[in-house]
Amino acid sequence: MTRTPTASRSSSSSHSSALDAAAAPLEIDPLLDDPDTRIIVCCGSGGVGKTTTAAALGVRAAERGRTVVVLTIDPARRLAQSMGIDSLDNTPRQVKGVEGPGELHAMMLDMKRTFDEIVEAHADRDRARAILDNPFYQSLSAGFAGTQEYMAMEKLGQLRARDSWDLIIVDTPPSRSALDFLDAPKRLGSFLDGKFIRLLMAPAKVGGRAGMKFLNVGMSMMTGTIGKVLGGQFLGDVQMFVTAMDSMFGGLRTRAEATYRLLQAPGTAFLVVAAPERDALREAAYFVERLAAEEMPLAGLVLNRVHGSGAARLSAERALAAAENLEEGGIVDQEPGNASSRGAAAAAGSSPGASEAAPEPPPESAESAEPSEAFESPDPEPPVSDSSTTAPAPQADSVTPSVTSVEQLTAGLLRLHAERMQVLARERRTRDRFTALHPEVAVAEVAALPGDVHDLAGLRAIGDHLAAGRSTT
């Protein structure tokens, strides 16, 4: 019923109206101000501005009175630089320069250090040292597939358990699928329940030499094959690691599952971050559907780098037509006959000799005179005629290029505007396609900025755009 009147509007306004009818604006400030909101997770495909969005949300929340910590998984140094910190590590560091009653802290996940902290916290000194010195553990904690995502879950659980901050903002890992960390508990469970791990844990469960005898008998063929491929020393390191970690595996799984349930709790809000591009919004649609399947609370979509124009009423078609008209007019003005005609007419009208030698033509016929007529004079003295016609020539030549350059510049600006309007139209179509598929998702737009964000002022500007909800288009 409400969409019927919009059919008669212009194309640009109908796009905007369709979006307004399909998706409600995402209200950022109420989300940040709500004391029940304890965790905000920014997710999305790579290169869409997740880190900047997380930092901007942190600054705005702190300046509105929250005690915030921003946890970034992105190894880039942009977050530290924008917050005026030399470097970020596994320890939250307070950000100076926050204008408001709250506090802002920031940290960057150190995957290995987080794993080391788990070992040190849940194993006695001797066993912890054996694990930390184990070559297989050192490889696992430094870059084993899925370790980063699990450690992100572990660090989030640690921060939430400390209760030192009333809002935690998480910038998800820069992986192909930014929701990989949701699979961390399942991956960990699959790893621990795998046949290979259970076989390696069997000696520890049997105990002593009997256990090793059981291992040698039951796994002789397997260990021989693996030893040839990976080396006997590697297999021994794995066995020692699994034996030392046996008592900790249950705790790892329990905490991962608890953090997973925390992400499903009402105090958590997911923000999907995207750019107004086809691939980015396709990924965003996947994230929305995946979060719904996992029963994760989705707050809305943040659409970054949206282009706008202060002259949106001038369509691309009209701008191109105006540019073509100006360029065609410029070509006519540069024809030799017309240019010489204007120069000769100007010379004849301004020369004292010409005015004395010939009667002044009527005003209505002066501009219509042919070039041959403009140069004719009954005065038989050529010097007077030559000096009067050649002296003003530089003035005529200097005027014509300046007029032409203004026309060319205007035509170029009109073509640039047409290109911008075409970009706007493409972004609207892509955005409207997403909102048509997911009309229940609230949307906030952030206008494309002329440069990179590199300080708190830039982050505040991003926060202002987020709170406004719509970019100016």
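Structure first, text after, so check above.
Since the model is a prediction, treat every value here as computed from it, not as a measurement.

A. View of the overall build of the protein chain. Of the regular secondary structure elements, the protein chain holds 22 helices and 8 strands. For the protein chain, the residues scored as buried account for 43% of the 473 residues in total. Sequence-distant contacts, at least 24 apart, represent 79% of the contacts inside the protein chain between residues at least 6 apart. Of the roughly 24,500 Å² of accessible surface on the protein chain, 55% is carried by carbon and sulfur atoms.

B. Representation of the packing of helix α5 (residues 111-122) against helix α6 (residues 125-132). Where α5 contacts α6, the two axes come as close as 8 Å, and the packing angle between them is 155°. Comparing the axis directions of α5 and α6 gives the class roughly antiparallel. Handedness of the crossing formed by α5 with α6: right-handed. Facing D116, V119 and E120 of α5, the residues of α6 in contact are A128, I131 and L132. Along the lines of polarity and charge, the residues of the contact of α5 with α6 split into 4 nonpolar, no polar and 2 charged.

C. Spatial organisation of a positive patch on the surface. Judged by side-chain charge, R278, R426, R429 and R433 come together as a positively charged surface patch. Counting residues per element, the positive patch draws most heavily on helix α21 (residues 393-437), at 3 residues. Locating R426 in the fold gives a position in helix α21.

D. Focus on a nonpolar patch on the surface. Residues L409, L413 and L416 make up a contiguous nonpolar surface patch of roughly 320 Å² in combined accessible area. Looking at the secondary structure, you find L416 in helix α21. Residue classification places L416 among the exposed positions, given a relative accessible area of 53%.

E. Here's a closer look at helix α8 (residues 147-162). Taking 1.5 Å of rise per residue, 16 residues should cover 22 Å, and α8 covers 22 Å from first to last C-alpha, within 8% of that figure. Looking one or two places after α8, you find D163, whose phi comes out positive at around 60°.

F. Representation of the pattern of salt bridges. Summed over all chains, the structure comprises 22 salt bridges. Note that D163 and R160 form a salt bridge whose closest N and O atoms lie 3.8 Å from each other. One salt bridge connects R282 with D279, and the closest N-O pair in it is separated by 2.8 Å. Remark: D279 and R282 occur in helix α14 (residues 278-293); sequence separation between them is 3 residues, near one turn of the helix. Classification of D279 by relative accessible area gives exposed; the value is 53%. The network of salt bridges with shared partners includes K112, R113, D116, E117, E120 and K155.

G. Just the environment of E295, in detail. As for its placement among the helices and strands, E295 is situated in the loop between α14 and β7 (298-306). Classification of E295 as exposed rests on a relative accessible area of 61%. As a C-alpha pair, E295 and L263 span 32 residues in sequence and 9.3 Å in three-dimensional space.

H. Summary view of unusual backbone geometry. Of note in this structure, D163 is not a glycine but carries a positive phi near 60°. Structurally, D163 is set in the loop between α8 and β5 (167-171).

I. Seen up close, the packing of aromatic side chains. Tallied over the full model, the rule gives 2 aromatic pairs. Summarising the aromatic geometry, the rings of F115 and Y137 are spaced 5.1 Å apart at their centres and angled 80° between planes, so their arrangement reads as edge-to-face. Of this pair, F115 sits in helix α5 while Y137 sits in helix α7 (residues 135-143), placing them 22 residues apart in sequence. The burial state of F115 is the same as that of Y137; both residues are buried. Consider the rings of Y286 and F287, whose centres lie 5.6 Å apart with planes at 55°: the pair is tilted.

J. Seen up close, the sheet that holds strand β4 (residues 103-108). With respect to topology, 8 strands assemble into an open sheet ordered β3-β4-β2-β5-β1-β6-β7-β8, the strand pairing being mixed. Whereas interior strands pair on both sides, the edge strands pair on one side only; in this sheet they are β3 (93-94) and β8 (443-447). Sheet topology note: the strand β1 (residues 39-43)/β5 ladder contains 4 bridges and is parallel. Bridging from a neighbouring strand, V41 pairs with V170 of β5. In the packing of helix α3 (residues 50-63) onto the sheet, contacts are made with β1, β2 (67-72), β4, β5, β6 (268-274) and β7, and the angle to β5 comes to roughly 165°.

K. Fine view of the side chain of H417. Its location among the elements puts H417 in helix α21. A polar contact is formed between the side chain of H417 and the backbone oxygen of A311, at a distance of 3.3 Å. What H417 contacts, discounting residues up to four positions off in sequence, is S309, A311, L314 and A319.

Conventions adopted
- Residues numbered from 1 in each chain as written.
- Predicted model: local features only at pLDDT ≥ 70, side-chain atom pairs only at ≥ 80, totals over all residues.
- Heavy atoms only, no water.
- Helix = DSSP H or I, 4+ residues; strand = E, 2+ residues; numbered from the N terminus.
- Buried < 20%, exposed > 50% of the residue type's maximum accessible area, 1.4 Å probe, protein only.
- Contact = heavy atoms within 4.5 Å.
- Areas by Shrake-Rupley, 256 points an atom, 1.4 Å probe, with all protein chains shown as cover.
- Axes fitted to C-alpha atoms, helices over the stretch in contact; angles between N-to-C directions.
- Parallel < 35°, antiparallel > 145°, perpendicular 65-115°, else oblique.
- Left-handed = near helix turned anticlockwise from the far one by under 90°.
- Nonpolar A, V, L, I, M, F, W, Y, C, P; charged D, E, K, R; others polar.
- Patch = residues over 30% accessible without salt bridge, like charges linked within 9 Å, V, L, I, M, F, W, Y side chains within 5 Å.
- Salt bridge = Lys/Arg side-chain N within 4 Å of Asp/Glu carboxyl O.
- Lys, Arg positive; Asp, Glu negative; His and termini not counted.
- Charge placed at Lys NZ, Arg CZ, Asp CG, Glu CD.
- Expected span 1.5 Å × (residues − 1).
- Phe/Tyr/Trp six-rings, centres within 6.5 Å; stacked < 30°, edge-to-face > 60°.
- Pairing = 2+ DSSP bridges.
- Polar contact = N/O pair within 3.5 Å; in protein donor to acceptor, adjacent residues only side chain to side chain.

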